[in-house]
Amino acid sequence: MIGTAIIERPVVLVVEDEPLLRLFATDMIEDAGFAVIDVGSASAAIAVLERRPDIRIVFTDIDMPGGIDGIKLAACVRDRWPPIKIIITSEKPWPTGVTLPTDAIFFSKPYRQDRVISTIQQMAA
Amino acid sequence: MADDKDARRAEALARLLVLDTPEEQAFDDIVFIASQTCDAPIALISLLDSDRQWFKARIGLDVSETPIHQSVCRLDIDDPGVLEVADLTADMRTNDNPLVTGDRAFRYYAGAPLTLRSGEIVGRLCVIDTEARPGGLSDTQKTLLNALARQASDHLELRRIARGSERLAELQTALVQIGESIRNSHDVQAMTRAASAIVGAVLQVSRAGFGSVDEDVRHIDVEPDWTAPGTASIAGRHRFEDYGAIRDHLVRGEPLVIENVLTDPRTIDNPGAMTAIGVHALVNMPVRQHGRTVAVLIVNAAARRIWQPEELTFLRSVADRLEAGVSRVRAEQQQEMLNGEIAHRLKNMLSMVQAIASQTLRDVPDRRPVESFEQRLMALSAAHDVLLQKSWTDADLRVVAEAVVEAVGFSDRVHMDGPEVALGSRAALSFSLVMHELMTNACKYGALCQTGGHVEVNWAVETTQAGDELVVRWRETGGPPVIAPSRRGFGSKLVRLGLAGTGGVDLRFEPDGLQADLRASVRQLAQT
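About the criteria used
Residues numbered from 1 in each chain as written. Chains lettered and ligands numbered in written order. Predicted model: local features only at pLDDT ≥ 70, side-chain atom pairs only at ≥ 80, totals over all residues. Helix = DSSP H or I, 4+ residues; strand = E, 2+ residues; numbered from the N terminus. Buried ≥ 20, exposed ≤ 12 C-beta atoms within 10 Å, placed from the backbone. Contact = placed C-beta atoms within 7 Å. Nonpolar A, V, L, I, M, F, W, Y, C, P; charged D, E, K, R; others polar. pLDDT = per-residue confidence, 0-100. Axes fitted to C-alpha atoms, helices over the stretch in contact; angles between N-to-C directions. Parallel < 35°, antiparallel > 145°, perpendicular 65-115°, else oblique. Left-handed = near helix turned anticlockwise from the far one by under 90°. Pairing = 2+ DSSP bridges. Arc of directions from axis to C-beta. Core = buried A, V, L, I, M, F, W, Y, C linked by C-beta atoms within 7 Å.

Participant: Please clarify how the overall build of chain B should be interpreted in this entry.
Facilitator: Counting secondary structure elements, chain B contains 13 helices and 20 strands. Residues classed as buried in chain B amount to 36% of the 528 residues present. The contacts of chain B with a sequence gap of at least 6 include a subset with a gap of at least 24, amounting to 62%.

Now the structure itself:
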């Protein structure tokens, strides 16, 4: 038998403008056995989503520069890529009067790593 | 000249607050005595308004008012003596008067002036006969008619004073109500709407509202206003210049008081702008801050109206109170926003600490201390969330405890009971850390590490010699047998810091489960 079995690790897109927090989230998710692509803005995230159909989960911050925040990004993902699951995080509470998109979960920062990871695992299952 | 005098007369009359009021015995008695004294079938107390004469009391006449041009009383009205016309059909001024030529057939007239203390003549007490009287009244009759007219004038003024103090009491009550509603409001719209509704009702106007004025006093942004049924709202932005020459007053900070937009020099050029929004009379009461007009209290009436001095004083007070209330709410909102911003930065900092710690401790083989660290950070963050909800002033003990329990888990096995207790920000933070250590300890070694175990958390305020003291009792049951730890770790040191970071902790390792009593003075706990 020639070749090795390629284990397809589910791909998570991490969107976070603060480099340290982006690194932290990337390590946390990779350590849990996922592949991670990380970007620093919502527009970069959309560019990645357009060429990478294998992304299963988007993990995004809310407050980001550049006009598109995490809430708008989540709405856009829900609209254009309905199968993708979404995790939204923020230092601020979830804004009142705004409904969370379907198949999306909100975590207040700082978040408990074990809870975020078990959510990602459920979403990927 | 005559117009001026007539206008002043109408104004003095309006201030008497007597027009269109019901009959009153005192005035009815006066006309009865006049009619008897002068042996005349008709006697009237006639008050001269700008476009009509209105009768406060009458005998022998079936109408309560007539157009002003049919009035005999108005002839020579500024002459202080008794006006007597022996034969109305023979006098050029009255021979074509419908009251003379028509069915009522007035023939003889005598009237004494109703003179106020200010000197203003507002009407006449008159007697009328349907037959001419060449001889006229006797001197005694004239003297009596004059005396009765003085009685009537005096009574008009006394009546006004009595009504005025009733009115003052009404306005005072309204002011108290407005003060209360301002104190209880925490948003600008609700506050101005509540105050406007009270103003509108007590003044019986068609519209009342409050608006803030821009820097150069050109525009006003009217908050949602109060309107009488059938009157449209004027909430929104308006330009003062569109409504006449009203801006200068407001720039100077003087109240703009208009009794009739059709005749007032400031609105006469284009009264349509006012009447289009249903305004015939108005008061704009400016509010000043640092020498500048910052807001205006608006009151509109759908008909012309003489504004009474006590009404203007009332509106001045309302405007000042509203401005103070609006400033307070804006400051509160700003503070809230600032607190939100601080909390957001603080939580961002906690996230960074978490990230740095996670990176720094990445290669530490024993993960337990790393996890403890992260969880303590979470407990602190949860306490910050609770404090933020109350604008960083105080937090309810139960809410803080619930936030910690929720962060750790097991909320179904932790039962809490106790009264509302406000914790200051320091106590909220240290209590959340203590609570977190007790929870994680119970999860690892205590009641929550095996099924069936649970925790009771009870608290009460107890009065001691040193003052009121909060006691929090932590009771674990149903866990594995308890052994006192051989050494004190950081977690145990945290717990021993107690409710306010100053101790007061009694830990007992009972065989049934851990028991902890935490005590601190209520005064200490309230510190922010």
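Having seen the model, we can carry on.
Participant: How do you make sense of the overall build of chain A when you look at a structure like this?
Facilitator: Within chain A, the regular secondary structure consists of 4 helices and 5 strands. Helices and strands in chain A line up, N terminus first, as β-α-β-α-β-α-β-β-α. Within chain A, buried positions represent 34% of all 125 residues. A separation threshold of at least 6 residues defines the contact pool for chain A, and within that pool the share at least 24 residues apart is 59%.

Participant: What am I meant to see in the interface of chain A and chain B here?
Facilitator: Across the contact, 9 residues belong to chain A and 15 residues belong to chain B. No other element matches the 3 residues that helix H1 (residues 19–31) of chain A contributes to the side of chain A that touches chain B. A per-class count over the side of chain A that touches chain B returns 4 nonpolar, 1 polar and 4 charged.

Participant: I would appreciate a short explanation of the confidence of the model for chain A in the present structure.
Facilitator: For any part of a model where pLDDT is low, the fine detail of the predicted coordinates should not be relied upon. On average, residues of chain A score 90 in pLDDT, and 94% of them are at 70 or above. Considering each helix and strand of chain A separately, the mean pLDDT is smallest for H1(A), with a value of 92, and largest for strand E1 (residues 11–15) of chain A, with 97.

Participant: What's the story with the packing of helix H10 (residues 397–408) of chain B against helix H11 (residues 425–444) of chain B in this structure? I'm lost.
Facilitator: How two helices pack is summed up by the angle between their axes together with the distance between the axes. Residue and element names in this part refer to chain B. One way to put it is that H10 packs onto H11 with a least axis distance of 9 Å and a crossing angle of 40 degrees. In terms of axis orientation, H10 runs oblique to H11. Handedness of the crossing formed by H10 with H11: right-handed. Seen from H10, the contacting residues are Val400, Ala401, Val404, Val405 and Val408; seen from H11, they are Ala428, Phe431, Ser432, Met435, His436, Met439, Thr440 and Cys443. Here the contact of H10 with H11 is built from residues that sort into 10 nonpolar, 3 polar and no charged.

Participant: Help me understand the sheet that holds strand E5 (residues 108–115) of chain B in this model?
Facilitator: What holds strands together in a sheet is hydrogen bonding between their backbones, with the strands either parallel or antiparallel. Residue and element names in this part refer to chain B. The strand order E3-E2-E1-E6-E5-E4 describes an open sheet built from 6 strands, whose pairing is antiparallel. Of all strands in the sheet, those bounded by a partner on one side alone are strand E3 (65–67) and strand E4 (83–85). The average undirected angle you get between the axes of adjacent strands in this sheet is 25 degrees. Pairing of strand E2 (residues 52–59) with E3 involves 3 bridges; the strand directions are antiparallel. Bridged to Trp54 within E3 is Glu65. Strands strand E1 (42–48), E2, E5 and strand E6 (121–129) of the sheet are contacted by helix H2 (residues 25–38), whose axis makes an angle of about 75 degrees with E2.

Participant: Help me understand the packing of helix H5 (residues 188–203) of chain B against helix H8 (residues 309–360) of chain B in this model?
Facilitator: Residue and element names in this part refer to chain B. Put simply, H5 and H8 touch, their axes get as near as 10 Å, and they point 170 degrees apart. Here H8 runs roughly antiparallel to H5, going by the angle between their axes. Along its contact with H5, which presents Val188, Met191, Thr192, Ala195, Val199 and Leu203, the element H8 presents Glu311, Val318, Leu322, Gly325, Val326 and Val329. For the contact of H5 with H8, the per-class residue count stands at 9 nonpolar, 2 polar and 1 charged.

Participant: I would appreciate a short explanation of unusual backbone geometry in the present structure.
Facilitator: The omega torsion of the bond from A:Lys109 to A:Pro110 falls at -5 degrees, within 30 degrees of zero and hence cis. Position of A:Pro110 among the secondary structure elements: in the loop between strand E5 (104–108) and helix H4 (113–124). Phi at B:Val217 takes a positive value of approximately 50 degrees, unusual for a residue other than glycine. Structurally, B:Val217 is set in the loop between strand E7 (207–213) and strand E8 (219–222).

Participant: Quick question: what am I supposed to make of the sheet that holds strand E20 (residues 513–521) of chain B here?
Facilitator: Residues and elements named next belong to chain B. Strands sit in the order E15-E17-E18-E20-E19 across an open sheet of 5 strands; the sheet is mixed. Each edge of the sheet is formed by a strand with only one pairing partner; in this case those strands are strand E15 (414–417) and strand E19 (505–510). Averaged over all pairs of adjacent strands, the angle between strand axes in this sheet comes to 15 degrees, irrespective of strand direction. As defined by bridge partners, E19 adjoins E20 across 6 bridges and the pair is classed as antiparallel.

Participant: How should helix H2 (residues 42–51) of chain A be read in this particular structure?
Facilitator: For the α-helix, the turn length of 3.6 residues means that residues three or four positions removed from each other point alike. Residues and elements named next belong to chain A. Looking at H2, one finds that the buried residues are Ala42, Ala45 and Leu49. Buried residues of H2, seen end-on, are gathered within an arc of 50 degrees and therefore sit on one face of the element. Residues of H2 that are exposed and point more than 90 degrees away from the buried face comprise Ala47, Glu50 and Arg51. Summarising the contacts, the buried residues of H2 are in contact with E1, strand E2 (35–39), strand E3 (55–61) and helix H3 (70–80).

Participant: Explain the nonpolar core to me, please; I cannot follow it from the model alone.
Facilitator: Inside soluble globular proteins, nonpolar side chains tend to come together where they are buried. Residues and elements named next belong to chain B. If you look at the biggest cluster of nonpolar residues, it comprises 46 residues, and the most contacted ones within it are Ala383, Val400, Val404, Leu423, Ala428 and Leu499. For this core, the secondary-structure elements that each account for two or more residues are helix H9 (368–389), H10, H11, strand E17 (454–464), strand E18 (467–477) and E20. At 9 residues, the largest contribution of residues to this core is made by H11. For Val404, the contacting residues outside a window of four places in its chain are Ala379, Ala382, Ser432, Met435, His436 and Met439. Of all hydrophobic cores here, the second largest spans 44 residues; its members include Ile182, Phe240, Ala281 and Val287.

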